[in-house]
Amino acid sequence: MAKVKSVYACTACGYETPRWVGRCPGCGAWNTLEESISAVQEKAPAKLASNQRPGTGAVPLLLKDIPEDTALRTPTGISELDRVLGGGIVEGGLMLIGGDPGIGKSTLLLQVCANLAEAGKRILYISGEESARQIKLRARRLEIETPGLYVLAENALDAVETRLREIQPDVAVVDSIQTMYRPEMASAPGSVSQIRESTSLLMRICKETGTAMFVVGHVTKDGAIAGPRMLEHMVDVVLYFEGDRQQDYRLLRAVKNRFGSVNELGVFRMTGKGMQVVPNPSEELLSHRAKGASGSTVFCGMEGSRPLLCDVQALASQSYLNSPRRTVNGADPGRIAMLLAVLEKRAGQRSYNQDVYINVAGGLELSEPAADLALCVAVASSLKDQAVGAETAVMGEVGLAGEIRTVPQCERRVAECARLGFTTLVVPRENARRLQKVPEGVRILGVDTVMQALSVLF
Ligand code: TYD
Ligand code: MG
């Protein structure tokens, strides 16, 4: 007889406790504990031993004797995905792709599968959410007619394991981890213990068979993959899909990558025929810019190794409220409050009686301090109602004394601005001094303070 026991598990970190508490002792999050029933088999140890190997039977190898081709990369044929993965899919790698429902995870992965199948790889697409017919419908929409692409609609993990070992695909997709379950466990699919067990089983299969696997993970309301931390440390690569459903841009970001660098960004666009790569995101992001309007400034940010130009917009308008409104989209509101204070105190740009709205066009999130000066200039431009020149880009970190600090990788930012036809670049003085090469036709203005930057611009 199985004894039924209930435990409370944290949906954020997987911490388990026999009693409910309001705050998770593991990660400190509030209200994340959920009850799950776990049946304890009385003969659990014996049962475990019969269907689980105590180890993989691996023997220690000398580092120098390990053949180097164990981490061969296969390009996916989708350049932006390859960039984020660090060159392609690594044999035996387990990759988690997270994102809001409807953002395009299944679409992108089906396209990846088709490309790889086209290149002669064995592919298995396992879906626990959609029927084989629904996948066929999507494939038709994407105009995929590749032979050699297996589809399996299944969510019992034991059956999935059997099929994986039978077909031995080079690459498999599991869509999604929340729908997979192990029947011998009493808790419901999507619960913390199911997700953890499912992922560890998939990981073992990957490492044993050399199959590379993409696992889809849905994101909870507060923006983390359900059961996030425990999943993140188990897998090799964690990618997040971001973007507005209203806008058609999709940003794919690496949060963790055992095989490459993180902070790389892939830019896609959702079209009627699936995800298309955006090879030239700076141009796209600036394409709707209102040239000659006050309150708009161009900033060159760095996303990993890639410079990305974006349009930083501010609108200041007379406030009729006791405490004026500050609405910020795409930047840190605390940082904006600081910059407004610096503008007021160090550059005489008063906004105490103004509602200030900040928006970074294209759904980007500015997290670099290097964006400070561009934000200041945008606000000042709106306060003065004077436009910044259309061929001007601005970068620099702003300190509390109103001083401008250097930005990293200035050379690359300058080159990208020049490539897109910007001829006047306002940069920190120290960066200007250190620049090895100034592109032809570009004027570099080095500045020391916010005050100076405003006086050269307006
Ligand atoms: P999907 O890949 O199912 O999202 P996820 O797996 O992340 O939940 O994408 C669904 C959305 O994408 C849906 O709103 C329809 C849209 N879509 C397109 O715009 N173009 C296409 O070619 C496809 C297949 C879907
Ligand atoms: Mg899906």
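Analysis parameters
- Residues numbered from 1 in each chain as written.
- Chains lettered and ligands numbered in written order.
- Predicted model: local features only at pLDDT ≥ 70, side-chain atom pairs only at ≥ 80, totals over all residues.
- Heavy atoms only, no water.
- Helix = DSSP H or I, 4+ residues; strand = E, 2+ residues; numbered from the N terminus.
- Contact = heavy atoms within 4.5 Å.
- Lys, Arg positive; Asp, Glu negative; His and termini not counted.
- Charge placed at Lys NZ, Arg CZ, Asp CG, Glu CD.
- Near = heavy atom within 4 Å.
- Polar contact = N/O pair within 3.5 Å; in protein donor to acceptor, adjacent residues only side chain to side chain.
- Areas by Shrake-Rupley, 256 points an atom, 1.4 Å probe, with all protein chains shown as cover.
- Nonpolar A, V, L, I, M, F, W, Y, C, P; charged D, E, K, R; others polar.
- Axes fitted to C-alpha atoms, helices over the stretch in contact; angles between N-to-C directions.
- Parallel < 35°, antiparallel > 145°, perpendicular 65-115°, else oblique.
- Buried < 20%, exposed > 50% of the residue type's maximum accessible area, 1.4 Å probe, protein only.
- Core = buried A, V, L, I, M, F, W, Y, C linked by side-chain atoms within 4.5 Å.
- Pairing = 2+ DSSP bridges.
- Patch = residues over 30% accessible without salt bridge, like charges linked within 9 Å, V, L, I, M, F, W, Y side chains within 5 Å.
- Salt bridge = Lys/Arg side-chain N within 4 Å of Asp/Glu carboxyl O.

(A) Summary view of the overall build of the protein. The number of helices and strands found in the protein is 13 helices and 23 strands. Summarising its shape, the C-alpha atoms of the protein cover approximately 80 × 50 × 50 Å along the three principal directions. Residue pairs in contact within the protein that sit at least 24 positions apart in sequence constitute 67% of those at least 6 positions apart. Averaging the locations of the 52 positively and 51 negatively charged side chains of the protein gives two centres separated by 2 Å.

(B) Seen up close, the site of ligand 1. Taken together, 16 residues surround ligand 1, and among them Gly-102, Ser-106, Thr-107, Thr-271 and Gly-274 come closest. Between an oxygen atom of ligand 1 and a side-chain N or O atom of Arg-138, the distance comes to 2.8 Å. Protein burial of ligand 1: of its 560 Å² of free accessible surface, 76% is covered by the chains. Among the secondary structure elements, those contributing two or more residues to the shell around ligand 1 are helix 3 (105-118), helix 4 (132-141) and strand 13 (265-271). Per element, the largest residue contribution to the shell around ligand 1 is 3 residues, and it comes from helix 3. Per-class residue counts for the shell around ligand 1 are 4 nonpolar, 7 polar and 5 charged.

(C) Broad picture of the packing of helix 3 against helix 4. Orientation of helix 3 relative to helix 4, taken along the N-to-C sense of each, is 75°, at an axis distance of 11 Å. In terms of their interaxial angle, helix 3 and helix 4 are classed as roughly perpendicular. Residues Ser-106, Thr-107 and Leu-110 of helix 3 form the contact with helix 4, whose own contacting residues are Ile-135, Arg-138 and Ala-139. Residue composition of the contact of helix 3 with helix 4, grouped by class: 3 nonpolar, 2 polar and 1 charged.

(D) Molecular detail of the environment of Ile-144. Relative to the helices and strands, Ile-144 resides in the loop between helix 4 and strand 8 (149-153). By relative accessible area, which is 14% here, Ile-144 ends up buried. Here the alpha-carbon distance between Ile-144 and Cys-113, two residues 31 residues apart in the chain, equals 9.7 Å. Look past the residues within four positions of Ile-144 in its chain and what remains in contact with it is Leu-110, Gln-111, Ala-114 and Ala-139.

(E) Quick look at the environment of Val-21. Topologically, Val-21 is positioned in the loop between strand 2 (16-17) and strand 3 (33-40). Along the backbone, Val-21 and Asn-431 are 410 residues apart, and their C-alpha atoms lie at a distance of 53 Å.

(F) Broad picture of the nonpolar core. Within the largest apolar cluster, 61 residues are counted, with the highest numbers of intra-cluster contacts made by Phe-299 and Leu-373. For Phe-299, the residues in contact, after removing those within four places along its chain, are Leu-308, Leu-309, Cys-310, Val-312, Leu-366, Glu-368, Ala-370, Ala-371, Ala-374, Val-394, Met-395 and Arg-413. Residues Ile-78, Ala-114, Ala-139 and Leu-252 belong to the second largest nonpolar core, which totals 34 residues.

(G) Representation of unusual backbone geometry within the structure. Cis geometry marks the peptide bond from Asp-175 to Ser-176, where omega comes out at -5°. Of note, Glu-143 is a non-glycine position whose phi angle comes to about 55°, a positive value. Along the chain, Glu-143 turns up in the loop between helix 4 and strand 8. Of note in the backbone geometry, Asp-385 takes a positive phi value of approximately 55° without being a glycine. Considering the arrangement of structural elements, one finds Asp-385 in the loop between helix 10 (372-384) and strand 19 (392-394).

(H) Summary view of the pairing of strand 12 (residues 249-257). Counting buried residues in strand 12 gives 7 out of 9 residues, a clear majority hidden from the surface. Across 6 bridges, the pairing between strand 11 (residues 237-242) and strand 12 is antiparallel. The partner of Tyr-240 across the bridge, within strand 12, is Arg-253. Of the pairings in the sheet, the one linking strand 12 to strand 13 comprises 5 bridges and is antiparallel in character. Note that in strand 13 the partner of Leu-251 across the bridge is Val-267.

(I) Seen up close, the pairing of strand 7 (residues 123-127). Within strand 7, 5 of the 5 residues are buried, which leaves it mostly tucked inside the rest of the structure. Neither face of strand 7 is exposed, since Ile-123, Tyr-125 and Ser-127 on one face and Leu-124 and Ile-126 on the opposite face are all buried. In the sheet, strand 7 pairs with strand 8 via 5 bridges, with the strands oriented parallel. For Ser-127, the partnering residue across the bridge sits in strand 8 and is Ala-153.

(J) Representation of a nonpolar patch on the surface within the structure. Taken together, the side chains of Val-59, Leu-61, Leu-63 and Ile-66 define a hydrophobic patch exposed on the protein surface, amounting to about 440 Å² of accessible area. Within the secondary structure, Val-59 is located in the loop between helix 1 (44-51) and strand 4 (73-74).

(K) Main features of the environment of Thr-17. By the secondary structure assignment, Thr-17 is in strand 2. On the accessibility criterion, Thr-17 (10% relative accessible area) is buried. Each residue touching Thr-17, except ones within four places of it in the same chain, is listed here: Val-7, Tyr-8 and Leu-33. From its side chain, Thr-17 meets the backbone oxygen of Arg-19 in a polar contact 2.5 Å long.

(L) Local environment of the pattern of salt bridges. All chains considered together, the criterion is met by 24 salt bridges. For Glu-430, the salt bridge identified is with Arg-434, shortest N-O distance 3.4 Å. You can see Glu-430 and its partner Arg-434 sitting in helix 12 (residues 429-434), 4 residues apart, about one turn around the helix. Given the relative accessible area of 29%, Glu-430 is considered partly exposed. Judged by relative accessible area, Arg-434 falls into the partly exposed class, the value being 49%. A cluster of three or more residues bridged by salt bridges with shared partners is formed by Glu-161, Arg-165 and Glu-208.

Everything listed is a geometric property; what it means functionally is a separate question.
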